[in-house]
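Below are the chains, spelled out letter by letter.
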Amino acid sequence: MTLRDGRVLLAKRAKTAGYGLWSLPGGHIETGEPARDAALRELAEETGITARLDRLIECQDIIHRDAQGSVVFHYVISVFLCHWQQGEAVAATDVSEVMWAQLSDLDSLQMTHGTADLIRKTLKTLT
């Protein structure tokens, strides 16, 4: 989650997972890549900005099961708090739009599950 002047950077997903929904910029960790490095790389790739990574906010397990209850896939989303350093946000790989949203904007956006609550919870701890 990247902050700038009290606003949070959101990206509209342009790939299959979460297509058309607003979310936090992010993506996959490459083999051997530390999670912190991946977060900053994905942020730059998807939005063109650079940020200073502050700390880990939360890890969320995403587990999808088939009709019989067997795990189809399981991945973990690591959410880091970052602070904008430079660059103007523009949609690049994997996203169709980007925006700097205020807390009051979240209710009017179609977002990936849990994203708005995570943002609210995090911003509350920072004030």
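Per-chain numbering applies: the sequence of each chain, read as written, is numbered from 1 onward. Where local features are concerned, this predicted model is filtered to residues with pLDDT of at least 70; where side-chain atom pairs are given and counted, the filter is 80 or more; whole-chain, interface and lining totals use all residues. Side-chain numbers here rest on the full set of heavy atoms in the structure, without hydrogens or water.

Attention now moves to the state of the cysteines. One covalent bond between the sulfur atoms of two cysteine residues makes up a disulfide. Disulfides are defined as pairs of cysteine sulfur atoms found within 2.5 Å of each other. Scanning the model with the defined rule gives zero disulfides in all. Looking at the unpaired Cys 59, the closest cysteine sulfur is the one in Cys 82, lying at 14 Å. By relative accessible area, Cys 82 is classed as buried at 4%. Burial classes follow relative accessibility: with a 1.4 Å probe on protein chains only, a residue under 20% of its type's maximum area counts as buried, one over 50% as exposed, and anything between as partly exposed.

Think of it this way: a Phe, Tyr or Trp ring, Trp meaning its six-membered ring, pairs with another when their centres are within 6.5 Å, and the plane angle makes it stacked under 30 degrees, edge-to-face over 60, tilted otherwise. As enumerated under the stated definition, the model contains one aromatic pair in all. Criterion for a charge above a ring: Arg CZ or Lys NZ at most 6 Å from the ring centre, at most 35 degrees from the ring normal. When the ring centre of Trp 84 is taken as reference, the NZ or CZ atom of Arg 4 above it lies at 3.6 Å.

Secondary structure elements follow DSSP: runs of H or I of four or more residues count as helices, runs of E of two or more count as strands, with numbering from the N terminus. Among the secondary structure elements, Val 90 is positioned in the loop between β5 (71-86) and β6 (95-101). Here, two residues are considered to be in contact whenever any of their heavy atoms come within 4.5 Å of each other. Excluding anything up to four places from it in sequence, Val 90 contacts Glu 46, Thr 47, Gly 48 and Val 98.

On to the confidence of the model for the chain, then. Scored between 0 and 100, pLDDT is the confidence that the predictor attaches to each residue. Overall, the predicted model of the chain reaches an average pLDDT of 92, with 99% of residues at or above 70. Predicted confidence in the chain is weakest over helix α2 (residues 115-126), with a mean pLDDT of 90, and strongest over strand β1 (residues 2-4), with 96.

Now for the environment of Thr 47. Along the polypeptide, Thr 47 turns up in helix α1 (residues 35-47). Given a relative accessible area of 0%, Thr 47 falls into the buried group. For the pair Thr 47 and Cys 82, spaced 35 residues apart in sequence, the C-alpha to C-alpha distance is 14 Å. Within the structure, the side chain of Thr 47 is placed 2.6 Å from the backbone oxygen of Leu 43, a separation counted as a polar contact. Polar contacts, as counted here, are pairs of nitrogen or oxygen atoms within 3.5 Å of one another; within protein the pair requires one atom able to donate a hydrogen and one able to accept it, and residues that are adjacent in sequence qualify only if both atoms are side-chain atoms.

Before going further, it helps to spend a moment on the nonpolar core. In this text, buried Ala, Val, Leu, Ile, Met, Phe, Trp, Tyr and Cys residues form a nonpolar core when linked through side-chain atoms within 4.5 Å. Judged by nonpolar contacts, the single largest core of 16 residues is most densely connected at Met 1, Val 8, Leu 10, Leu 24, Met 111 and Ile 119. Elements that contribute at least two residues to this core include exactly β2 (7-13), β5 and α2. Beyond its immediate chain neighbours, meaning those up to four positions away, Leu 24 contacts Met 1, Val 8, Leu 9, Leu 10, Arg 13, Val 79, Thr 115, Leu 118 and Ile 119. Residues Leu 9, Ile 49, Val 95 and Val 98 belong to the second largest nonpolar core, which totals eleven residues.

A word on a nonpolar patch on the surface. Here, patches come from residues exposed beyond 30% relative accessible area and free of salt bridges, joined within 9 Å for like charges and within 5 Å for nonpolar side chains (Val, Leu, Ile, Met, Phe, Trp, Tyr). What sets the accessible areas is the Shrake-Rupley method with a 1.4 Å probe; for residues, cover comes only from the shown protein chains. Here, a salt bridge means any side-chain nitrogen of Lys or Arg that lies within 4 Å of a carboxyl oxygen of Asp or Glu. Judged by side-chain polarity, Val 72, Phe 73, Tyr 75 and Ile 77 come together as a nonpolar surface patch covering roughly 340 Å² of accessible area. Classification of Tyr 75 by relative accessible area gives partly exposed; the value is 37%.

On to the environment of Tyr 75. Mapped onto the secondary structure, Tyr 75 falls in strand β5. Beyond its immediate sequence surroundings of up to four residues, Tyr 75 is in contact with Gln 60, Asp 61 and Ile 62.

So, about the pairing of strand β4 (residues 50-65). Criterion used throughout: strands pair if DSSP finds at least two bridges between them. Sheet topology places β4 next to β5; 14 bridges connect them, and they run antiparallel. Opposite Thr 50, over in β5, you have Gln 86 as the bridge partner. Taking the residues between adjacent antiparallel strands as the criterion, β4 and β5 are bridged by five residues, where Gly 69 takes a positive phi near 95°.

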